[in-house]
Amino acid sequence: MGSRWTWRFLALPGVLWLGVFFLVSFYAVLCVAFGNQDSLSQPVPFWNPLDWNVGYVLEVLRNFWHGDQFLTVSLRTVEFVAIAMALSLLIGYPVAYFAARHSGRWKGLVLVLLIIPFWINYLMRMLAWINLLSPDGWGTRVLHNIGIEQLFLWTGLLSARGGWLDGQPSAVIIAFVYGYVPFLILPLFVALDRIDQRHIEAARDLGASRASAFLRVTLPLSVPGILAGCVLVALPMFGDYYTPDLVSASTKTNLIGNQIDQFTRQGSEKVVGAVLTMLLAIVLLALMFYYLRATRRAGEEAAA
Amino acid sequence: MGHPKDRSGLTRRQLLRRGAGAALAVGGAGVLAGCENTTEPIGASAAGPGGEAGKLVVAKPVGPGGLPLPRPDNAVTWAITPENQPIADGRSIERGPLSVYNYADYLDPATLKKFQKEFGATVKIATYNSADEAIAKLAAGAVAFDVIVGLTGSNIVNLIAQKLLQPLNHSYLANLPKNIWPELQDPFYDRGSRYTVPYVVWMDGIGWRNDKLREDVAGMDVPWDIFWHSQPYRGKVGVLDDKRDALSMPLQRDAMRTGTRPDLNTEDSALIAKAGDDLSQLNGICNVKVTITDYQTLPEGKTVLHHAWSGDLLSGAIYYMPSGVKPDVLSFWGPDQNGVVQNDFLCIGKAAKNPVLAHKFLDFMLNEANAYANFVNYVGYTPPQNAIDAEALIRRGLIPKTLAGAVVRPDQFAANQELLQLTVEGERHWDQAWSKFKAG
């Protein structure tokens, strides 16, 4: 009895933290989104849900419905995040697989190497890229010398020689992948590391080839890791506005995060910013629920 | 009801409360049924002469709480109220520390050091990133700042409406009449400089790399046209990441082409939308960037043509030239008339703990030598001092000839326009056009 209460008590700080910094602040966003503004263009939150004003929410939804700028940036955001997530997975899976299955006694070192990028502030890493990718930067020269620049020019992903920072969608996606891929590798590493070696041995004993053992045993068992990794990279990418600002600043790479930033920080229509924040949060919550359901199902299947 | 409400909303909610709505309100359907649906801001009703008398005057724009929105043809004298009086003459100076609220890197550290030495008081600086942020924090009243640096005529109605400033006692400000351009001693947004004194002035213009651009931008009939002919510089062209400045640019271009005077404080939604559409053409023409880092990217060559604040080019030339690149590769052009100018002012917080020291600080910054050092050694934005002119700076080798245009002249300041506070409805048109443009 006593110990049960001890555990509940220990959970209290975490619950309070989440309560204050997530639920209360999210409620505040709702109250601004369903509020109004005064004649100083300052938001006036309506704290009582009975008073809520749907005028601004409807205005934003109408904008989406008519295919105006909010739809444009939302679709662009989904496109950028989807591509960046797929690329992260393509790059991250082999790395996590190698680290978990083939690094042997170097596993600890490989893990440390994977975590090292976390030691440097995200903004610093992005600023470093700006210097590397400037027209006469080292990165630009290397990409030119090993032919990647040519490949990008040929596929139309780059519009001019050395023009990585000229406002290219591809540069933003590359920056996303670079910035967030460690978040995908770590949960994937954990998932792959946990797979019982004996399952794979059993598959091989029963006549499965290497490839089919991977496809039919390892891959399905790593699905929870893949999902966790994808969620972990997708969530921050959806709200990111500083990466496109830093490596591009072009209107062609304006994402929903940039619009929210513009309305809440620079514009006078903070209510619109709150509405966009709320809509984005709803979409992300839906994604989270899908993730939770999918992992639970995967867990049940694994148990069965 | 803690907040004032929109009238139409009130009746709907009263209906809900008085009627059978109470039962409905329990469920979600009830919440929806009781919701108002409005985007009309609270308390937006205009003051001023009403009824028959109202027809006898040209309506002036009205801002927060029915206060007038200052315009050059609608100069405003802010009252000094009994509960908010200036400090008395001849008081002794407090010991500080003086707390100053400012943009980052907008005061020369050496000049500050000189002030600290002269008055034996330390100066503590807190920074803000935007005027909006500054006003929100000042209104929250968490910190009682002595001096606020960098706000403009477009913020003054907010500052007065929220009672954030204290009136100035000019007996402490001997340098104001002595050194400052006459028109800024008595600006239309604060007649008699009752609450503010000028700090630095700047204007919007075009910054470019004269070693990378073939065109003689300053020599063009309408120099703004260069942006719409910038295909050869695709990816290396930028406009200022500020809705009012950027959207004003196509407005100026149209006016310059037709030889008319634009209203850069217009609230005409069609005009503003057209400006947004014109700006959007730049997406296809040059994949335009939207940044305020031109002071760095132009010297580094990452951009070669940028819509720019005049001070950016000067600070770029002073600080950001990479080794081997001479500052005279930077050029600046700003319009003689009908363009954008702004005056960032100094003012004293209503709850200032060191009001006398704060007055001394204002007067110190209005001193010719201090303003000059602050300008050429650090800030790059022109103080409106009678004694400072571009020719003198070029002669002394402080700025290259190509940047003479970046030093704002008094006649230029008078013939250009300040971007001023709009009504909420007006702001909304600018926000919408800007959001559309930025979405690409």
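Definitions and limits used
- Residues numbered from 1 in each chain as written.
- Chains lettered and ligands numbered in written order.
- Predicted model: local features only at pLDDT ≥ 70, side-chain atom pairs only at ≥ 80, totals over all residues.
- Helix = DSSP H or I, 4+ residues; strand = E, 2+ residues; numbered from the N terminus.
- Buried ≥ 20, exposed ≤ 12 C-beta atoms within 10 Å, placed from the backbone.
- Contact = placed C-beta atoms within 7 Å.
- Arc of directions from axis to C-beta.
- Nonpolar A, V, L, I, M, F, W, Y, C, P; charged D, E, K, R; others polar.
- Pairing = 2+ DSSP bridges.
- Right-handed = clockwise from strand over helix to strand, strands pointing away.
- Core = buried A, V, L, I, M, F, W, Y, C linked by C-beta atoms within 7 Å.
- Domains from an automatic or database assignment.

### Some points on the overall build of chain B
Right, on to step 1. Regarding its fold elements, chain B presents 18 helices and 10 strands.
Right, on to step 2. By residue count, 46% of the 440 residues in chain B fall in the buried class.
Right, on to step 3. For chain B, long-range pairs separated by at least 24 residues make up 78% of all intrachain contacts whose partners lie at least 6 apart in sequence.

### Regarding helix α5 (residues 109-119) of chain B
Every α-helix winds through 3.6 residues per turn, so residues three or four apart in the chain are directed the same way.
Residue and element names in this part refer to chain B.
Right, on to step 1. The complete set of buried residues in α5 reads Thr111, Leu112 and Phe115. Buried residues of α5, seen end-on, are gathered within an arc of 100° and therefore sit on one face of the element. Away from the buried face of α5 by more than 90 degrees, exposed residues Ala110, Lys113 and Lys117 are located.
Right, on to step 2. Considering only its buried residues, α5 is in contact with β2 (123-128), α14 (355-366) and α15 (368-379).

### Things to note about the interface of chain A and chain B
Right, on to step 1. Between chain A and chain B, the residue contacts involve 40 residues of the former and 43 residues of the latter.
Right, on to step 2. Mapped onto the side of chain A that touches chain B, the elements with two or more residues apiece are β1 (36-37), α2 (55-65), α3 (69-102) and α13 (256-266) of chain A.
Right, on to step 3. Of the residues forming the side of chain A that touches chain B, the biggest block, 5 residues, is contributed by α13 of chain A.
Right, on to step 4. Residues belonging to the side of chain A that touches chain B are distributed by class as follows: 12 nonpolar, 21 polar and 7 charged.

### Concerning the pairing of β2 of chain B
Residue and element names in this part refer to chain B.
Right, on to step 1. Direction of pairing for strand β1 (residues 98-103) relative to β2: parallel, over a ladder of 6 bridges. Of the residues in β2, the one forming a bridge with Leu98 is Val123.
Right, on to step 2. In this fold, β1 hands off to α5, which returns the chain to β2; that crossover is right-handed.

### Structural notes on the nonpolar core
Right, on to step 1. If you look at the biggest cluster of nonpolar residues, it comprises 103 residues, and the most contacted ones within it are Val147, Val149, Leu247 and Leu346 of chain B.
Right, on to step 2. If one sorts the elements of this core by residue count, strand β4 (residues 196-209) of chain B sits on top with 8 residues.
Right, on to step 3. Taken domain by domain, the makeup of this core includes at least three residues from each of domain 1 (98-201 + 342-418) and domain 2 (203-340 + 423-438) of chain B.
Right, on to step 4. Each residue touching Val147 of chain B, except ones within four places of it in the same chain, is listed here: Leu98, Val100, Leu346, Ile348, Ala358, Phe361 and Leu362 of chain B.
Right, on to step 5. Ranked by size, the runner-up nonpolar core spans 60 residues in total, among them Met85, Trp129 and Ile185 of chain A together with Cys35 of chain B.

### Some thoughts on the environment of Met365 of chain B
Right, on to step 1. Looking at the element boundaries, Met365 of chain B is found in helix α14.
Right, on to step 2. Each C-alpha atom, one on Met365 of chain B and one on Tyr199 of chain B, is 7.4 Å from the other, the two residues being 166 residues apart in sequence.

### Quick word on the domain arrangement of chain B
Frequently, the measure chosen for interface size is the accessible area that the parts lose on association.
All names here are of chain B.
Right, on to step 1. As far as domains go, chain B holds domain 1 (98-201 + 342-418) and domain 2 (203-340 + 423-438).
Right, on to step 2. When each unit is reduced to the centre of its C-alpha atoms, the spacing between domain 1 and domain 2 is 25 Å.
Right, on to step 3. Residues of the side of domain 1 that touches domain 2, tallied by class, amount to 8 nonpolar, 7 polar and 1 charged.

### Points about the environment of Leu114 of chain A
All names here are of chain A.
Right, on to step 1. Summarising the element assignment, Leu114 is placed in helix α4 (residues 107-119).
Right, on to step 2. Judged by C-beta crowding, with 18 C-beta atoms within 10 Å, Leu114 ranks as partly exposed.
Right, on to step 3. Ignoring any residue separated from it by four or fewer positions in sequence, one finds Leu114 in contact with Ala99, Pro182, Ile185 and Leu186.

### Digging into unusual backbone geometry
Residue and element names in this part refer to chain B.
Right, on to step 1. Here the residue pair Gly96 and Pro97 is connected by a cis peptide bond, since its omega of -5° sits within 30 degrees of zero.
Right, on to step 2. Its place among the elements puts Pro97 in the loop between α4 (51-54) and β1.
Right, on to step 3. One non-glycine residue, Asn338, lies in the positive phi region at around 65°.
Right, on to step 4. In this structure, Asn338 sits in the loop between β8 (330-333) and β9 (340-348).

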